[in-house]
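Architecture at a glance
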Amino acid sequence: QVQLVESGGGLVQAGGSLRLSCAHSGRGFSRYPLGWFRQAPGQGREFLAAINWDGRDTKYAPSVQGRFIISRDNVKNLVFLQMNNLKPEDTAVYYCAAQIYNTAPNDLERSYDYWGQGTQVTVSS
């Protein structure tokens, strides 16, 4: 059983930075592509970034390309989302997710099999 726990959310001013972490518990973490999504109030879940098992292949949504960076540490069973130049429209609950049956980073929500509980990010103007 895979469990994912996000941390690092909080309140930040526009233009600031935050680094989200997602800790994985369960066997096989190093084999799974991982992704980050977010959901703002009243909206659907939005893909942000994904990374393959060894970190060499990444995929980003156009809305965060150049501002957000996804990375992973397979020794510590962690995946990160470095968020820079944050904007008020980045305010949302942020989720990490794991794919079990695919090998490539993927932007489709339905491709992800396990999800964390989410961490709130609020960007003030």
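Above this text is the structure in question.
Computed from a predicted structure; not experimentally measured.

Things to note about the overall build of the protein
Regarding its fold elements, the protein presents 0 helices and 11 strands. N-terminal to C-terminal, the α/β element order of the protein is β-β-β-β-β-β-β-β-β-β-β. Its C-alpha atoms give the protein a radius of gyration of 13 Å, within 12% of the compact-globule value 14 Å for 125 residues. Across its three principal axes, the protein shows a C-alpha extent of roughly 40 × 25 × 25 Å. Each of the 125 residues in the protein was classed as buried or not, and the buried ones make up 45%. Across the protein, contacts joining residues at least 24 apart in sequence account for 58% of those joining residues at least 6 apart. On the protein, roughly 6400 Å² of surface is accessible, and the fraction owed to carbon and sulfur atoms is 46%. Here the protein holds 12 positive side-chain charges and 10 negative ones, and the gap between their average locations is 4 Å.

A word on the pattern of salt bridges
Inspection of every chain in the model, using the stated rule, returns 5 salt bridges. In this structure, Arg56 engages Asp54 in a salt bridge whose closest nitrogen and oxygen atoms are separated by 3.6 Å. We classify Arg56 as exposed; its relative accessible area is 77%. One salt-bridge network, held together by shared partners, links Arg38, Glu46, Arg67 and Asp90.

Re the pairing of strand β3 (residues 18–25)
One ladder, built from 5 bridges, connects strand β1 (residues 3–7) with β3; its direction is antiparallel. Residue pairing for β3: Val5 is matched across the bridge by Ala23. As paired strands, β3 and strand β8 (residues 78–83) are joined by 6 bridges and run antiparallel to one another. Each bridged residue has a counterpart across the sheet, and for Leu18 the counterpart in β8 is Met83.

Describing the side chain of His24
Examined against the element boundaries, His24 turns out to sit in strand β3. With residues near it in sequence (within four places) discarded, His24 still touches Val2, Gln3, Leu4, Phe29, Tyr32 and Asn77.

Overview of the state of the cysteines
One pass over the structure, following the stated rule, counts 1 disulfide. In this model Cys22 forms its disulfide with Cys96; the gap between the sulfur atoms is 1.9 Å. In this structure, the disulfide formed by Cys22 and Cys96 twists by about 45° around the S-S bond and is classed as right-handed. Here Cys96 lies in strand β9 (residues 92–98) and Cys22 lies in strand β3, a separation of 74 residues in the sequence.

So, the nonpolar core
In this structure, Trp36, Phe68, Ile70, Leu81, Met83 and Tyr94 are the most contacted members of the largest nonpolar core, which totals 34 residues. Looking at this core, the elements with two or more residues in it are β3, β4 (34–39), β5 (45–51), β7 (68–73), β8, β9 and β11 (119–124). Sequence-distant contacts of Ile70, defined by excluding residues within four places in its chain, comprise Leu34, Gly35, Trp36, Ala49, Ala50, Ile51, Thr58, Tyr60, Val79, Phe80 and Leu81.

Concerning the environment of Leu108
Summarising the element assignment, Leu108 is placed in the loop between β9 and β10 (114–115). For the pair formed by Leu108 and Phe47, sequence separation is 61 residues and the distance between their alpha carbons is 7.3 Å.

Reading guide: rules and limits
- Residues numbered from 1 in each chain as written.
- Predicted model: local features only at pLDDT ≥ 70, side-chain atom pairs only at ≥ 80, totals over all residues.
- Heavy atoms only, no water.
- Helix = DSSP H or I, 4+ residues; strand = E, 2+ residues; numbered from the N terminus.
- Rg over C-alpha atoms; globule rule 2.2 N^0.38 Å.
- Buried < 20%, exposed > 50% of the residue type's maximum accessible area, 1.4 Å probe, protein only.
- Contact = heavy atoms within 4.5 Å.
- Areas by Shrake-Rupley, 256 points an atom, 1.4 Å probe, with all protein chains shown as cover.
- Lys, Arg positive; Asp, Glu negative; His and termini not counted.
- Charge placed at Lys NZ, Arg CZ, Asp CG, Glu CD.
- Salt bridge = Lys/Arg side-chain N within 4 Å of Asp/Glu carboxyl O.
- Pairing = 2+ DSSP bridges.
- Disulfide = S-S within 2.5 Å.
- Core = buried A, V, L, I, M, F, W, Y, C linked by side-chain atoms within 4.5 Å.

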